[in-house]
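An overview of the molecular structure
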Amino acid sequence: MKLAFVNGVVLDGTKDMVPQTGKVVLVDDEKIEDIVNEGEVDLSGYEKVDLKGAYLLPGLINLHGHLSLSGKPPKKEKKKQTDYKKLVKLLTSNALIREVMKRLLTSYAKDELMSGVTTFRVVGGVMDFDGSVRDRINAGKAVGPRILTSNMAISVPGGHFAGAIATESRDPQEAVEDVMKIAKTNPDLIKLMITGGIMDASESGEPGVLRMDPKIVKAACDKAHELGYQVAAHIESPQGVLVGLENGVDTIEHGAVLSDEMIRLFKERKAAHVCTISPAIPYSLFDLSESHALPVAKENSDIVLKGIIECAKTALENGITVGLGNDAGCPFVTHYGFWRELCYFHKYVGASNKDTLHIATLGNAKIIKIDDVTGSIEKGKSADMIVVKKDPLEDLSALSDVSMVCMKGKLITDPKIKRIPEADRVLDKYM
Ligand SMILES: [Zn+2]
């Protein structure tokens, strides 16, 4: 199938990103064949896609999410933190439930794509389910974005999501063995859980507590690098950032307030910060009657949210690479809400709409080293593009209404999403 996108405004995803009119984007099979001036090429043999003045841009790249989690808000006030270990044990107890789970995860992946995310990096999940969703999509058995996944993450006993979507590696040797076990499930990266997290902290100050021994961090990073994998790490305190950077982590997920030494290490290691504001917003800003969160989660989230925003600001000021992910799957972080992360990044970190859009496309592609494949509208790249009616450079919330998705050259003209109205209602109030 050959497609010709005409009558649109092209935003190509590059740093300068000057809106271009009078261009025709030609797609041949999975790839962008060329970008030509109107009238320059005979379009017979192409199916014309008339954009009627809408905006054509690269598909968004979401660097941080979880297919094993739904993004639904909790139904009622919580009494204690969910026991995820117990829950996962139940959900993996027999083949039938495992298959139902995989189908559910596949539907979440589809929502990501229908909302404009054409590449989704999944950083921690149940068993090897995320990889199997990726493989189904790649085999053409399901519709979804390009998925890069760590499958299970590496954690320590009592650590973040340990025993649920992460291992319980007790020492450096066991961590190395666990990295090798995960490598057998054919992941695209390795994920570490270095500090605690908001969702499973039962005391104030706990999300940032260093759970993973620096020796385990180093052993896991060394093995992962030896096997050719990038290492992403969940980190929510300055101490955690330091341990991550000193021991080989490539992308610091979430982040914390940075010291001069951390800034220096970020640069020396060429590490990147992956900013995730979305999961902290409901805990921090919503009234407890709306978030249904524990008071302790709110206290912790206030610290974490401030750390994430400060980390991104300082990184940008110092020329450190910043990427964007929304931690899709966390409470109120829907699998169609990545556009909100871009809005938050503009609002709280102060990046321009243009810089934000560049980061969420080509910038993110560079961080995970797939910028030769996707991330911008350029000749020879994968035809991963989306269409929005309003100008996202004017207002990033234009990205909430995606009217077309082109995934590896396959055009979806009326993308449908399974929405969670009770989440959207509250989120919209706090945009
Ligand atoms: Zn996460």
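A brief structural summary. A quick note: this is a predicted structure, and the numbers were derived from the prediction, not measured.

Rules used in this analysis
Residues numbered from 1 in each chain as written. Predicted model: local features only at pLDDT ≥ 70, side-chain atom pairs only at ≥ 80, totals over all residues. Pairing = 2+ DSSP bridges. Helix = DSSP H or I, 4+ residues; strand = E, 2+ residues; numbered from the N terminus. Axes fitted to C-alpha atoms, helices over the stretch in contact; angles between N-to-C directions. Contact = placed C-beta atoms within 7 Å. Buried ≥ 20, exposed ≤ 12 C-beta atoms within 10 Å, placed from the backbone. Core = buried A, V, L, I, M, F, W, Y, C linked by C-beta atoms within 7 Å. Domains from an automatic or database assignment.

Another aspect to go through is the sheet that holds strand E12 (residues 251-254). Read from one edge to the other, the open sheet built from five strands follows the order E10-E11-E12-E13-E14, with strand pairing classed as parallel. Each edge of the sheet is formed by a strand with only one pairing partner; in this case those strands are strand E10 (189-193) and strand E14 (322-324). When the angles between neighbouring strand axes are averaged without regard to direction, this sheet yields 25 degrees. Pairing between strand E13 (residues 272-275) and E14: three bridges, direction parallel. By the bridge assignment for E14, Val 274 is matched with Gly 323. Across the sheet, helix H12 (residues 353-367) touches E12, E13 and E14, and the angle it forms with E14 is around 115 degrees.

With six of its six residues buried, strand E7 (residues 60-65) lies for the most part within the structure. Where E7 and strand E8 (residues 117-122) come together, four bridges link them in parallel fashion. Residue pairing across strands places Ile 61 opposite Thr 119, the latter belonging to E8.

In spatial order, the strands read E4-E3-E1-E5; together these four strands make up an open sheet with mixed pairing. If you trace the sheet from one side to the other, it starts and ends with strand E4 (31-37) and strand E5 (47-50), each paired once. Strand-to-strand twist across the sheet, computed as the mean angle between neighbouring axes with direction ignored, equals 25 degrees. In terms of strand pairing, strand E1 (residues 2-6) meets E5 through four bridges, oriented parallel. Pairing of Ala 4 across the sheet is with Lys 48, part of E5.

It is worth spelling out the nonpolar core at this point. Counting residues in each nonpolar core, the largest one holds 135 residues, and the members touching the most others are Ile 190, Leu 192, Ala 220 and Val 231. Top contributing element to this core by residue count: helix H10 (residues 295-317), with ten residues. Inspection of this core shows a minimum of three residues originating in each of domain 1 (2-58 + 375-423) and domain 2 (60-367).

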